[in-house]
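Structure assessment
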Amino acid sequence: MTRLAFFRGVCASFLLCGAFMASPANVESSTSDDNAIVSAGNAVSLEYTLALDDQSVLESNVGKEPMTYTQGAHEIVPGLETAMEGMKKGERKHVVVSPADGYGPIDPQAIREVKKELIPAAAQKVGAQLQGQADDGSTAFPIVKEIKEETVVLDFNHPLAGKTLHFDVTVLAITAGQLPKQP
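About the thresholds
- Residues numbered from 1 in each chain as written.
- Predicted model: local features only at pLDDT ≥ 70, side-chain atom pairs only at ≥ 80, totals over all residues.
- Heavy atoms only, no water.
- Core = buried A, V, L, I, M, F, W, Y, C linked by side-chain atoms within 4.5 Å.
- Buried < 20%, exposed > 50% of the residue type's maximum accessible area, 1.4 Å probe, protein only.
- Helix = DSSP H or I, 4+ residues; strand = E, 2+ residues; numbered from the N terminus.
- Contact = heavy atoms within 4.5 Å.
- Phe/Tyr/Trp six-rings, centres within 6.5 Å; stacked < 30°, edge-to-face > 60°.
- Lys NZ or Arg CZ within 6 Å of the ring centre and 35° of its normal.
- Salt bridge = Lys/Arg side-chain N within 4 Å of Asp/Glu carboxyl O.
- Pairing = 2+ DSSP bridges.
- Axes fitted to C-alpha atoms, helices over the stretch in contact; angles between N-to-C directions.
- Polar contact = N/O pair within 3.5 Å; in protein donor to acceptor, adjacent residues only side chain to side chain.

The subject of this paragraph is the nonpolar core. Nonpolar side chains in soluble globular proteins tend to be buried together. Core analysis: the biggest nonpolar cluster contains 25 residues, and L80, M84, F167 and V169 have the highest contact counts within it. Residue assignment for this core shows that the elements contributing at least two residues are β1 (43-51), β3 (67-70), α2 (78-84), β4 (92-97) and β10 (165-175). With 5 residues, the top contributor of residues to this core is β10. If we skip the residues at most four places from it in the chain, L80 touches V95, V97, F167 and V169. Residues A128, V144, V152 and L154 belong to the second largest nonpolar core, which totals 7 residues.

Below is the structure:
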């Protein structure tokens, strides 16, 4: 999988932290209120473009299906969710999310060396992205950082860890609702 395709997949599934389309199960009302503001429990539909400090665009849904999430349900990165609070339908904003409010700093303990024979030969190249199971049972997507004589260095950090994220967002709709009940 190429790094760009990986970033697109990561952004779509991880970056937005499982954001989902609003449905009757997670919102109280399906009526959009033009005077509503983004606040806890509201379903918010938006267009966004995500870029890095170097202006490289990682993901954009502009002109495509809007992304919908529930404000306050922690379905998007914390820095973006905080910046969305109080916005109105049609409002646009440029949001800069620091690593601390995005995917955190790079954790040196998330970089590990494994025996070369544990890595498929085809994946033994710098930049290759692997898929496996983490210690806690979740799916992990380490990236090969270095090939040594007998070991391979894998980076288990999120690909966007340590990076400042630049979002350009436009609120398309706000639907009154409530936060989902926690199990």
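What follows deals with the packing of aromatic side chains. Scanning the entire structure with this criterion turns up 0 aromatic pairs. We note R112 situated over the ring of F156; from NZ or CZ to the ring centre the distance is 5.0 Å.

We now examine the environment of A73. Mapping A73 onto the fold places it in the loop between β3 and α2. Considered as a pair, A73 and G41 are 32 residues apart in the sequence and their alpha carbons are 7.3 Å apart.

Opposite charge on two side chains permits them to pair, given that their charged atoms come into close proximity. Taken as a whole and judged by the stated rule, the model has 2 salt bridges. The partner of E113 in a salt bridge is K148, with the nearest N and O atoms 3.0 Å apart. Residue E113 is located in strand β5 (residues 111-115), and its partner K148 is located in the loop between β8 (143-147) and β9 (151-155); the two are separated by 35 residues in the primary sequence. Judged by its relative accessible area of 47%, E113 falls in the partly exposed class. The exposure class assigned to K148 is partly exposed, which follows from its relative accessible area of 32%. For the salt bridge of K145 with D155, the shortest nitrogen-to-oxygen distance reads 4.0 Å.

Moving on: the pairing of β3. Residues M67 and Y69 point to one face of β3 and T68 and T70 to the other, with burial holding for every one of them. Here 4 bridges tie β1 to β3, and the two strands are oriented antiparallel to one another. Bridging across to β3, V44 finds its partner in Y69.

Here β1 pairs with strand β2 (residues 57-60) via 3 bridges, running antiparallel. Residue pairing for β2: T49 is matched across the bridge by S60. Between the end of β1 and the start of β2, which pair antiparallel, lie 5 residues, with Q55 showing a positive phi angle near 75°.

Next up on the list: the sheet that holds β9. Pairing is antiparallel in the open sheet, where 3 strands are placed in the order β5-β9-β8. Only two strands of the sheet have a single partner each, and these edge strands are β5 and β8. With strand direction ignored, the average angle separating the axes of adjacent strands in the sheet is 35°. The pairing of β8 with β9 spans 4 bridges and is antiparallel. Bridge assignment links V144 to a residue of β9, and that residue is L154.

This part takes up the side chain of N42. Mapped onto the fold, N42 is located in the loop between α1 (3-15) and β1. Judged by relative accessible area, N42 falls into the buried class, the value being 8%.

This brings us to the side chain of T151. Within the secondary structure layout, T151 lies in strand β9. A distance of 2.6 Å separates a polar atom in the side chain of T151 from a polar atom in the side chain of E113.

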